[in-house]
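Each chain is listed here by its residues.
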Amino acid sequence: MNKLEFRFGSALSFSFDIQHADSISLARVGTINTPHGPIQTPAFIPVGTKATVKSVLPESMKDLGAQALLSNAYHLYLQPGPDVLDEAGGLAKFMNWPGPTFTDSGGFQVLSLGVGFKKVLAMDAQTTRHDDVIAGNKDRLAHVDDEGVTFKSHLDGSMHRFTPEVSMQVQHQIGADIMFAFDECTTLHNTRPYQELAMERTYAWAIRCLDEHKRLTQERVGKPYQALFGVIQGAQYEDLRKKAATDLGSMESNGQSFDGFGIGGALDKGQLGTIVSWVNEILPENKPRHLLGIGAPEDLFVGVENGCDTFDCVLASRIARTSAVYTMEGRFNLSNSRFKRDFTPIDSECDCYTCTHYTRAYMHHVFRGKEILSATLATIHNERFIVRLVDQMRQALLDGNFADMKADFLGRYLHRSGQARD
Ligand SMILES: [Zn+2]
C-alpha cells in the first residue's frame, strides 16, 4: 500500500462537467470537481458513518477504487461533536481520507427515531390511516414541528434539537465537500396528507438551509467551498415528486441556489426507475444528482440509466460483516458449510486484495471462528465489487454498450441469486 497523499485540487470551488450524455437514456458521464479532488461519475460512494468505514483502513478504501466517502452528520454531531472535526481541519483530514467527502444532513437518522430506530413498520401503506404509528416496543424518540425536530440521543438519552440552521452549522463544522439540506424524511407508511405537509416543510427548510449556508460560507473565510445539495422528497407520488423537483431545482434565495440534488425519502424499489426519472427529467441538467441510500447492484443500473450520478449505501459493508458477499454468480453467505474446502477466491473475476490473496475456505474459517479479520476482508471485497461495477457502467456508457453490459451482468447475477438458498 502506498502512503496516502492529500491531493487538494487547485480550485477551492465546486463544479460539475458532463463529458457524455447517453442518447437512449437519461444516463450521463461526468466529473464532479471538489476542493479535495475530482469524482468521476457515475460513482458509488462508500459509507463511513462515523468517519470510518467499519473495519477497513482508508488506504484500503483508496486501493479498492473509492473516490469519495460519505459520513453521517447526526452520528458525528453526537460523537465526537462537530467542533472536534472543525478543530481537526475537517472530516477528510480527521479520518485520514485523502479525497472528497459527503455528509448527509441527519434528517433521515433523526426522523428514523420517530418511527422506531432501524425498525420497519409491519403495515400496509395502502391502508395506513394514522401517521402517529411507531414500531412495537419502541418509544417515540423524535418529534417534528415546523421549526425543526426535537430528538433523544440513542447514545445517552439526552435531548437535542435540529433545525435547518443547526444542520447547516453542524455540516459546515464537519467540513465535507458535499452536504445535504435538512429535510423531513417520511416513510411509505405515512398518509398522503402527511406527505404533502412534509413536502411543504422540506420546501421551507430548503430556503432556510440556503440562507444559513450562504451566511456560514461568508463567515468562514478561507475554508474550502462546501457544496449544498437540496433533497427531493415526495414518496411514491408523481405530482409531489415533480413539484419538489421543480421547486428545489429552480430555488434561489439571496442569490444562492443548490449546487446539486439528492433524491431521497421513501422509495418503493419496484418503482425506483419511474420515480427517479420523474425527478431527473425536471432537475437542471448541469447539476449533479445523488441517489440517497441505494446500493444493490440491480438498483444501481436503474439509478444510472435514469440520470443519477452518485450513490451511497451502507449495504455493502453491513452485509459483509454477516458473511454475505456479492459476486458475478450472485450473492451468497461464506459461512455456509459448502465453502469449508473451497479453495477458490470469493469471485474469480474480482481484482480486490481479498480475492487475490484468500480463498473461500479461509473466509469460511474466519467467519466461523468469529475472527475480526473476516469483516475486514469481506468488506474490502464487497466495496470493491460495487465501486467497480459502477465504474464499469461509466466505461460502458463511454463505449456505447451500456445496455449489453447491463444485460450480461444481470443475466448472470440475478439468475444465480435466484437459485441461491443461502
Ligand atoms: Zn474481491
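For the structure itself, consult the block above.
Let me begin by describing the structure that accompanies this report. (Residues numbered from 1 in each chain as written. Predicted model: local features only at pLDDT ≥ 70, side-chain atom pairs only at ≥ 80, totals over all residues.)

**Overview of the pairing of strand β8 (residues 149-152)**
Part 1: Burial along β8 is one-sided: Val-149 and Phe-151 are buried, while Thr-150 and Lys-152, pointing the other way, are not.
Part 2: Bridging between strand β7 (residues 142-144) and β8 involves three bridges; their strand directions are antiparallel. Within β8, the residue paired with Ala-142 across the bridge is Phe-151.
Part 3: Here β7 folds back onto β8 in antiparallel fashion, the turn holding four residues. (Buried ≥ 20, exposed ≤ 12 C-beta atoms within 10 Å, placed from the backbone. Helix = DSSP H or I, 4+ residues; strand = E, 2+ residues; numbered from the N terminus. Pairing = 2+ DSSP bridges.)

**A closer look at unusual backbone geometry**
Part 1: With an omega dihedral of 0 degrees, the bond running from Thr-41 to Pro-42 counts as a cis peptide bond.
Part 2: Locating Pro-42 in the fold gives a position in the loop between β3 (37-41) and β4 (43-46).
Part 3: Note the cis peptide between Gln-79 and Pro-80, where omega equals 5 degrees.
Part 4: Along the chain, Pro-80 falls in the loop between α2 (73-78) and α3 (82-88).
Part 5: Of note, the phi angle at Ala-51 is positive, near 65 degrees, even though the residue is not glycine.

**Points about the nonpolar core**
Part 1: In terms of nonpolar packing, the biggest core is built from 109 residues, with Ala-181, Phe-229, Phe-311, Met-363 and Val-390 touching the most fellow members.
Part 2: Per element, the largest residue contribution to this core is 12 residues, and it comes from helix α14 (residues 372-399).
Part 3: In terms of domain composition, this core takes at least three residues from each of domain 1 (15-313) and domain 2 (324-419).
Part 4: Ignoring sequence-local partners within four residues, the contact set of Ala-181 consists of Ser-105, Trp-205, Ala-206, Cys-209, Leu-228, Phe-229, Gly-230 and Val-231. (Core = buried A, V, L, I, M, F, W, Y, C linked by C-beta atoms within 7 Å. Domains from an automatic or database assignment. Contact = placed C-beta atoms within 7 Å.)

**Quick notes on the sheet that holds β8**
Part 1: Pairing within the open sheet is antiparallel, and its three strands lie in the order β7-β8-β9. Edge positions in the open sheet fall to β7 and β9 (159-162), since each of these has one partner strand only. Each strand of the sheet is rotated relative to its neighbour by a mean of 15 degrees, with strand direction disregarded.
Part 2: Where β8 lies against β9, four bridges are found, and the strand directions are antiparallel. (Axes fitted to C-alpha atoms, helices over the stretch in contact; angles between N-to-C directions.)

**A closer look at the environment of Ala-181**
Part 1: Positionally, Ala-181 belongs in the loop between β10 (178-180) and α7 (192-219).
Part 2: Note on Ala-181: 28 C-beta atoms within 10 Å, which makes it buried.
Part 3: As for Ala-181 and Gly-262, which are separated by 81 residues in sequence, their C-alpha atoms are 8.9 Å apart.

**Details of the pairing of strand β5 (residues 69-72)**
Two faces make up the sheet, and in a regular strand the side chains alternate between them.
Part 1: Side-chain alternation along β5 places Leu-69 and Ser-71 on one buried face and Leu-70 and Asn-72 on a second face that is also buried.
Part 2: In the sheet, β5 pairs with strand β6 (residues 101-104) via four bridges, with the strands oriented parallel. Note that in β6 the partner of Leu-69 across the bridge is Thr-101.

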